[in-house]
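# A closer look at the structure
So you can see what is in the structure, the chains are spelled out below.
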Amino acid sequence: MLRERFKEIDLKLTELAEYLQISRPTLYNYMELYDKKKYGQINLKVLGLFNYITENQLAGKRNVINYILTNLVEVEELAKSDEQEAFKKLKKCIVENPDSKKSKFIINCVDNDFLDYVIFYLSDVVAILKKKKRTAQEEKSLAPYNALLQELKTLNNVEG
């Protein structure tokens, strides 16, 4: 049964519905139709994904996400034109090197919320670093970032 396969690869149905840009009830309906072998009533792209998942027993969550990004998601469907370039870069990064630390980090950021505060902070840091003139408060906000950066540089010199 398809639902068990999703559990095996640790892919939550709410996540999958989001990735596919369909509602959860629609996803549940497609899964039920798939299990009943009523393939003609399933969206062809979703059917292709279901076949990929059931035919590739070694495929894990990362492979499924890569499959979706590569075969199902059109960048134009995801975002406004000003966001399309970012989605293209993200897709390229993950598809070209899914085992890189950067790709794994991106996937962890999407899959988990324990990094949210760090991500929010770093987003603010990026905005501040782009400025030519910074306020005293902005400089103060950069202090943890600068300390972390210095610590990481020290660690890399010791280990390198």
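Since we're looking at a predicted model, the values are computed, not measured.

Procedures and definitions
Residues numbered from 1 in each chain as written. Predicted model: local features only at pLDDT ≥ 70, side-chain atom pairs only at ≥ 80, totals over all residues. Heavy atoms only, no water. Helix = DSSP H or I, 4+ residues; strand = E, 2+ residues; numbered from the N terminus. Expected span 1.5 Å × (residues − 1). Buried < 20%, exposed > 50% of the residue type's maximum accessible area, 1.4 Å probe, protein only. Arc of directions from axis to C-beta. Contact = heavy atoms within 4.5 Å. Polar contact = N/O pair within 3.5 Å; in protein donor to acceptor, adjacent residues only side chain to side chain. Salt bridge = Lys/Arg side-chain N within 4 Å of Asp/Glu carboxyl O. Phe/Tyr/Trp six-rings, centres within 6.5 Å; stacked < 30°, edge-to-face > 60°. Disulfide = S-S within 2.5 Å.

If you check helix α4 (residues 44–55), its first and last C-alpha atoms are 16 Å apart, about what 12 residues at 1.5 Å a residue would give, namely 16 Å. Residues of α4 that are buried: V46, L47, L49, F50 and I53. Around the axis of α4, the buried residues are gathered within 160° of arc, so they sit on the same side. Turned more than 90 degrees away from the buried face of α4, the exposed residues are L44 and E55. Where α4 is buried, its residues touch α1 (2–8), α2 (13–20), α3 (24–35) and α5 (61–72). Looking at where α4 begins, the residue whose side-chain oxygen comes 2.8 Å from the main-chain nitrogen of K45 is N43.

Here we come to the pattern of salt bridges. Close approach of charged atoms allows side chains of opposite charge to pair. Summed over all chains, the structure comprises 7 salt bridges. E32 is the partner of K36 in a salt bridge, and the nearest nitrogen-oxygen pair spans 3.0 Å. Of the charged contacts in the structure, one is a salt bridge between R62 and D99, with a shortest N-O distance of 3.9 Å. With a gap of 37 residues between them, R62 in helix α5 and D99 in the loop between α7 (81–96) and α8 (101–111) connect regions that are remote in the sequence. When its relative accessible area of 29% is taken as the criterion, R62 is described as partly exposed. By relative accessible area, which is 53% here, D99 ends up exposed.

The next subject is the packing of aromatic side chains. Inspection of every chain in the model, using the stated rule, returns 4 aromatic pairs. A centroid spacing of 4.5 Å and a plane angle of 20° characterise the contact between Y52 and Y67, whose relative ring orientation is stacked. Here Y67 lies in helix α5 and Y52 lies in helix α4, a separation of 15 residues in the sequence. Through a chain of ring-to-ring contacts, the aromatic side chains of F6, Y34, Y39 and F50 assemble into a single cluster.

What follows is about the state of the cysteines. Formally, a disulfide is one covalent bond, and it connects the sulfur atom of one cysteine to the sulfur atom of another. What the rule picks out here adds up to 0 disulfides. Counting only cysteine sulfurs, C93 is the nearest neighbor of C109, a cysteine outside any disulfide, at a range of 11 Å.

Each full turn of the α-helix corresponds to 3.6 residues, which orients residues three or four apart in the same direction. Here α3 is 12 residues long and its end C-alpha atoms lie 16 Å apart, about the 16 Å a rise of 1.5 Å per residue gives. For α3, the complete set of buried residues consists of L27, Y30, M31, L33 and Y34. Buried residues of α3, viewed axially, fall in a sector of 165°; they line one side. On its buried side, α3 packs onto α1, α2 and α4. K37 sits one or two residues past α3 and shows a positive phi near 60°.

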